[in-house]
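Take a look at the letters that make up each chain.
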Amino acid sequence: MIVRTTLRHLLWAGLGLVGFTGTAMAGLPGKTYSEGQIWEYRTRPEDKGSLLKIQKIDDGADFPKIGSIYHVSIIGVHFTGLPLAGILQHAPFSKAALDASVTRLSSSKIAFPDSADGIAQWQQAEGGVFTVSVAEAVSFTEQTLRSQMPAQQQGN
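Residues numbered from 1 in each chain as written. Predicted model: local features only at pLDDT ≥ 70, side-chain atom pairs only at ≥ 80, totals over all residues. Heavy atoms only, no water.

Visitor: I'd like to hear about the nonpolar core, residue by residue, with values.
Guide: Among the nonpolar cores identified, the biggest contains 25 residues, and Leu52, Ile74, Phe93 and Leu98 are the most heavily contacted of them. Among the elements that take part in this core, helix 4 (residues 134-148) stands out by supplying five residues, more than any other. The residues contacting Ile74, other than those within four sequence positions of it, are Tyr41, Ser50, Leu51, Leu52, Gly86, Ile87, Leu88, Phe93, Val134 and Val138. (Core = buried A, V, L, I, M, F, W, Y, C linked by side-chain atoms within 4.5 Å. Buried < 20%, exposed > 50% of the residue type's maximum accessible area, 1.4 Å probe, protein only. Helix = DSSP H or I, 4+ residues; strand = E, 2+ residues; numbered from the N terminus. Contact = heavy atoms within 4.5 Å.)

Visitor: Just give me the short version of the pattern of salt bridges, but keep the residues and values in it.
Guide: Taken as a whole and assessed by the stated rule, the structure comprises seven salt bridges. When the shortest N-O distance is used, the salt bridge between Arg44 and Glu46 registers 3.3 Å. Residue classification places Glu46 among the partly exposed positions, given a relative accessible area of 41%. A salt bridge links Lys95 to Asp99; the nearest nitrogen and oxygen atoms lie 3.0 Å apart. Of this pair, Lys95 and Asp99 are both found in helix 2 (residues 95-101), four residues apart, which corresponds to roughly one turn of the helix. On the basis of relative accessible area, Lys95 is assigned to the partly exposed category, the value being 27%. Residue Asp99 is classed as buried on the basis of its relative accessible area of 7%. The network of salt bridges with shared partners includes Arg44, Glu46, Asp47, Glu142 and Arg146. (Salt bridge = Lys/Arg side-chain N within 4 Å of Asp/Glu carboxyl O.)

Visitor: Any chance you could break down the packing of aromatic side chains for me, citing the residues and the numbers?
Guide: Taken as a whole and judged by the stated rule, the model has five aromatic pairs. Consider the rings of Tyr33 and Trp39, whose centres lie 5.3 Å apart with planes at 65 degrees: the pair is edge-to-face. Each of the two residues, Tyr33 as well as Trp39, counts as buried. Ring centres 5.9 Å apart and planes at 75 degrees place the aromatic pair Phe130 and Phe140 in the edge-to-face group. Pair noted here: Phe130 is in the loop between helix 3 (116-125) and helix 4 and Phe140 is in helix 4, with a separation of 10 residues, a long-range link. Taken as a pair, Phe130 and Phe140 share a single burial class, namely buried. Among the aromatic residues, those joined into a ring-pair cluster are Tyr33, Trp39 and Tyr70. (Phe/Tyr/Trp six-rings, centres within 6.5 Å; stacked < 30°, edge-to-face > 60°.)

Visitor: Run through helix 3, naming residues and quoting values.
Guide: Among the residues making up helix 3, those that are buried are Gly118, Ile119 and Trp122. Looking down the long axis of helix 3, one finds its buried residues gathered within 100 degrees of arc, a one-sided arrangement. At the C-terminal side of helix 3, Glu126 shows a positive phi close to 50 degrees. (Arc of directions from axis to C-beta.)

Visitor: Outline the environment of Gly118, supporting the account with residue identities and numerical values.
Guide: Looking at the element boundaries, Gly118 is found in helix 3. Overall, Gly118 belongs to the buried group, its relative accessible area being 0%. When the C-alpha positions of Gly118 and Pro92 are compared, they lie 9.8 Å apart, and in sequence the two are 26 residues distant.

Written out as structure tokens, the structure reads:
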């Protein structure tokens, strides 16, 4: 639990500094999202089978150029050498980023972590929003965590 909390603080510190609102990828228009949906997405090769769940949808009032913010949890990610259990509790995305990433609704009934703490930390930190693909955001998260952790904790 301590490691996970520390990693969240490190990640949000990184997102707060970056304010990750780069150029959105072109996506397929017309996808409709609802809280509670579980989606398959275009993963990194090492994350095959990973899924995301839309935990909360914000109106995006704080990000008028981006629009609605989709707070997701992601399971099945693999961060080699980092003490994570294959879960990203919370990551905020633009609609364009989701449109460019998701492939189809999943029928999986797998449990996802509660993202309320992550969303609260994001709001308090005035964090950024990912406008890149989910796979790119997962890679960014891994790089951020790896760069901010002492080598002995990375298992290398």
